Amino acid sequence: MNDWLSLGLGSVAGALVSEGLKHLISEAKKVIAFKTVSKELASSMVSLLPVIEQIESMQDGVELQDLKVTIVEALVVVQKCSLVKEWNLFLKSKYTRKFEEINRKMLKFCQVQLQLLLLRNQLQSMLSMESINSFFQIINEKLELLSVVSSPSPVFTKLCSVPKLNMNLVGLDWPLMDLKKRLLDDSVVNLVVYGPPGCGKTTLVTQLCDDEDIKRVFKKIFFCVVSSTLNFRAIVQNLLQDNGYGAITFDDDSQAETGLRELLEELTEHGPILLVLDDVWQGSEFFLRKFQIDLPGYKTLVTSRSDFSSLWSTYHLQPLKDEDARSLLIQWASPPHHTSLDDEYEDLLQKVLKRCSGFPLVIEVVGISLRGKALYLWKGQVESWSEGKTILSNPHPTVLQRLQPSFNALEPHLKDCFLVMGSFLEDQKVWASLILDICVELFGRGSSSSTNVYMKYLNDLASQNLLKLVPLGTNEHEDGFYSELLVTQHDILRELAIYQSELEPILERNKLNLEIREDNYPDWCVNLSQPINARLLSIFTDDLFSSRWVELDFPNVEALVLNLSSLDYTLPSFIIGMKKLKVLTITNHGFYPARLANFSCLRSLPNLKRIRLEKVSVTLLDIPLLQLGSVKKLSLVMCSFGDVFYETEKIDLSKALPTLQEIEIDYCYDLDELPYWVSEVVSLKTLSITNCNKLSTLPEAIGNLSKLEMLRLRSCINLSELPEASERLSNLRFLDISYCLGLRKLPQEIGKLQKL
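About the cut-offs
Residues numbered from 1 in each chain as written. Predicted model: local features only at pLDDT ≥ 70, side-chain atom pairs only at ≥ 80, totals over all residues. Heavy atoms only, no water. Helix = DSSP H or I, 4+ residues; strand = E, 2+ residues; numbered from the N terminus. Contact = heavy atoms within 4.5 Å. Areas by Shrake-Rupley, 256 points an atom, 1.4 Å probe, with all protein chains shown as cover. Pairing = 2+ DSSP bridges. Axes fitted to C-alpha atoms, helices over the stretch in contact; angles between N-to-C directions. 1 Å grid on protein atoms, 1.4 Å probe; cavity = no way out; pocket = protein on both sides within 12 Å on 5 of 7 lines; lining within 4 Å. Points joined across faces, edges and corners; volume = space filled by probe spheres on them. Nonpolar A, V, L, I, M, F, W, Y, C, P; charged D, E, K, R; others polar. Salt bridge = Lys/Arg side-chain N within 4 Å of Asp/Glu carboxyl O. Buried < 20%, exposed > 50% of the residue type's maximum accessible area, 1.4 Å probe, protein only. Lys, Arg positive; Asp, Glu negative; His and termini not counted. Core = buried A, V, L, I, M, F, W, Y, C linked by side-chain atoms within 4.5 Å.

A. Quick look at the overall build of the protein chain. Along the protein chain, the regular secondary structure elements total 22 helices and 21 strands. Pairs at least 24 apart in sequence give 70% of the contacts found in the protein chain among residues at least 6 apart. Put simply, the protein chain shows about 34800 Å² of open surface, and 51% of that area lies on carbon and sulfur atoms.

B. View of the sheet that holds strand 1 (residues 190-194). In spatial order, the strands read 2-3-4-1-5; together these 5 strands make up an open sheet with parallel pairing. Among the strands making up the open sheet, the edge pair consists of strand 2 (220-227) and strand 5 (313-316). Mean inter-strand twist for the sheet, computed between neighbouring axes without regard to direction, equals 20°. Inspection of the sheet shows strand 3 (residues 273-280) paired to strand 4 (residues 298-304) by 6 bridges, in the parallel sense. Residue pairing across strands places Leu275 opposite Thr300, the latter belonging to strand 4. In the packing of helix 6 (residues 173-183) onto the sheet, the strands contacted are strand 1, strand 3, strand 4 and strand 5, and the crossing angle to strand 5 comes to about 175°. Here helix 7 (residues 201-209) sits on the sheet and contacts strand 1, strand 2, strand 3, strand 4 and strand 5; the angle it forms with strand 4, its principal contact strand, is near 155°.

C. Representation of empty space enclosed by the protein. The full count for this structure, using the stated rule, is 2 cavities of 30 Å³ or more. What the second largest cavity holds in volume is close to 30 Å³. Around the second largest cavity, the lining residues are Ile498, Ser501, Glu502, Arg509, Lys511, Leu512 and Asn513. Of all the elements in the fold, those that place two or more residues in the lining of the second largest cavity are helix 20 (491-501) and strand 9 (511-516). Considering every element that reaches the lining of the second largest cavity, the biggest residue donor is strand 9, with 3 residues. Its residues assigned to classes, the lining of the second largest cavity shows 2 nonpolar, 2 polar and 3 charged.

D. The arrangement of unusual backbone geometry in detail. A positive phi is found at Asn598, a non-glycine position, where the angle reads about 65°. Looking at the secondary structure, you find Asn598 in the loop between strand 14 (594-597) and strand 15 (610-614).

E. Broad picture of the pattern of salt bridges. With the rule as written, the count across this model stands at 32 salt bridges. With a shortest N-O distance of 3.4 Å, Lys215 and Asp210 are connected by a salt bridge. Classification of Lys215 by relative accessible area gives partly exposed; the value is 37%. Classification of Asp210 as partly exposed rests on a relative accessible area of 40%. Between Arg326 and Glu346 there is a salt bridge whose closest N-O contact spans 2.6 Å. With Arg326 in helix 12 (residues 322-332) and Glu346 in helix 13 (residues 342-356), this residue pair connects regions lying 20 residues apart in the sequence. Take Arg326: its relative accessible area is 23%, and that puts it in the partly exposed class.

F. Geometry of the side chain of Lys511. Within the secondary structure, Lys511 sits in strand 9. It is Glu502 that comes nearest to the buried, bridge-free Lys511 among opposite-charge side chains, at 7.7 Å. Look past the residues within four positions of Lys511 in its chain and what remains in contact with it is Leu419, Val420, Gly422, Ser423, Ser501 and Leu536.

G. Structural detail: the nonpolar core. Membership of the largest hydrophobic core comes to 87 residues, with the highest contact counts inside it found for Leu301, Ile435 and Ile438. Sorting elements by how many residues they give to this core places helix 18 (residues 432-443) first, with 8 residues. Not counting residues up to four positions away in its chain, the partners in contact with Ile435 are Val420, Met421, Phe424, Val430, Leu458 and Val487.

H. Summary view of the sheet that holds strand 7 (residues 468-471). Spatial strand order, 6-8-7: 3 strands in an open sheet with antiparallel pairing. At either margin of the open sheet sits one strand with a lone partner, and together these are strand 6 (430-431) and strand 7. Relative to strand 8 (residues 485-488), strand 7 runs antiparallel, the two sharing 4 bridges. Note that in strand 8 the partner of Pro471 across the bridge is Leu485.

I. Representation of the pairing of strand 15. Most of strand 15 sits inside the fold, with 5 of its 5 residues counted as buried. Side chains Arg610, Arg612 and Glu614 of strand 15 all project onto a buried face; the interleaved residues Ile611 and Leu613 project onto the opposite face, where all are buried too. Alignment of strand 13 (residues 583-588) against strand 15, held across 5 bridges, turns out to be parallel. Looking at the pairing, Leu584 lines up with Ile611 of strand 15. As judged from the 5 bridges shared by strand 15 and strand 17 (residues 633-637), these two strands associate in the parallel manner. Across the sheet, the residue bridging to Glu614 is Val637, located in strand 17.

Dropping the structure here:
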């Protein structure tokens, strides 16, 4: 750097400092990209030049060595600046900082060393004190002005620092150790920590960044909150400012990408870098790719509700396990005052934990609200939940504030599907096919193609950890068969779905839950004479309900979900008024199949398209006797049928079930034969009989189903053969006989099924 020859200034011995200064002035004036700061630098050097020449005329200039070094540094910077393009904001910011450093050195030289030299060489005799003071005033003003131009105002630079936790939380030890192992794996460059909202992703990653092993490996750790804004330029600007660069404004993302790469290249020269992108939302793949830069020593760690598994490596953070959740709750909520009943306290603790579903956020909020409270207040909190109060209600707004953005960010069709999940019982494992029946008729076109579309939507919600899909078998669902797929949801997310539905007044709600405990109705039901606008109605009754219904009017209901627990259950007579009803699902949560009464009320429903009965007792002749002219799908799950009366006078199926296209019979253990009428539903396209262990044969008349396209006999272990008449199923394209362990042969002429 001290080689004047390399800078075009002649030999080291012969070159004067004043000559170097002149050369610096000349070069600085040529730098276009740094026009303002370079011209100020040149102007300041012009003011300094006469004094330097005066000093050199009186001595050899050895004492100007510090200035000489500064001039060389300035020339190096000026030459590099001449190569910087006008649009390269990162390099402009970088070399502006270099100018500032040179500026400070010049200022220090003029304020201290130069004044001493002038006094020692007695220049006062040749220059009046007034002219010397004038010179110093000019040079100081110019140097100070240069500093103001390059750095207009002091700014806060710690924009990407790791947030501080108030306390180390228990319960995250294992995930912390596991995540640290993944992150320090050399093969992992980009890692996404994903899980449902409120499960502690940000807390876990924040603790990880404060881990001594992590801080020892990574020389710098940057923490940027992304959320739904996806402002790439703003994040890069913050990173630059955090590293001492000025407040740079990029014209487009391309400039920001260049700036990010050059910053990371500079930083990784001094050691590994970890960049944390917190709370990245679904659909941000293109955004994340901008941070995907192949540099040794650079890693990215993302937290999200979505897994982004198609893009980067993932780490799934589950809600806390029971013991960890218990430890965390005790940390937040000290035991109640004056507690001597350990068993009673433990019982309350378990009830609180069940309500929190292992979510650290919920545990924290509830724990703080119970901290130091008396035992009776703990009891009151638990009892309020059993009476319908939710954690999302006041005084717990924090949970809602954290969860609500997850719902707000959903596209309208995903919001529809999410809200349907609030129609089922707490902790209920819901068949995917049931949810699809409701969604297809309420929001779709009612067709099989809509079924696949809404199955995709359920997958989308699962990818955002707003529900969970649990397969029961090995079926890949390529045939549109979703009866071996369960959907579960954490209680707190179910509460979120219910909360959204309850924002409107009762009469105006699009979705309504009616919960009846014993025979006690909610207050709003009493003496209600006005019609209720709901399209989706869910009614919950317990095992003490006596089927004493009050008269209610639901003229717009299109989907009715009945959740019951009693052994005997009478369908409400107000169903008769539901002329728009398309989907009826009756699910019994009791131990034994429920006996249904008033089943005949379904006859008056002209638009009923889908019926689903689960764990109820019904004879197989009940269905055609209803004369349901619009029904397209009939699902019978875990039902008890009793005897099938073949001697009963035959029914004209062309009038009884003229539009029925799909029959699904699953886990019906006492079904040993199909009733005759199934073979006469000539409109039938799909017949699915699965997990029916007593079924041994199919009727020969099944060959009458000329429109049948799918025949599914999965896991009917006692089925010994298929009828020869199967060869007449000319439109059959799909036959599933998986796990039919007793099946020994297929019909001789099965080869005639050319569409199979």
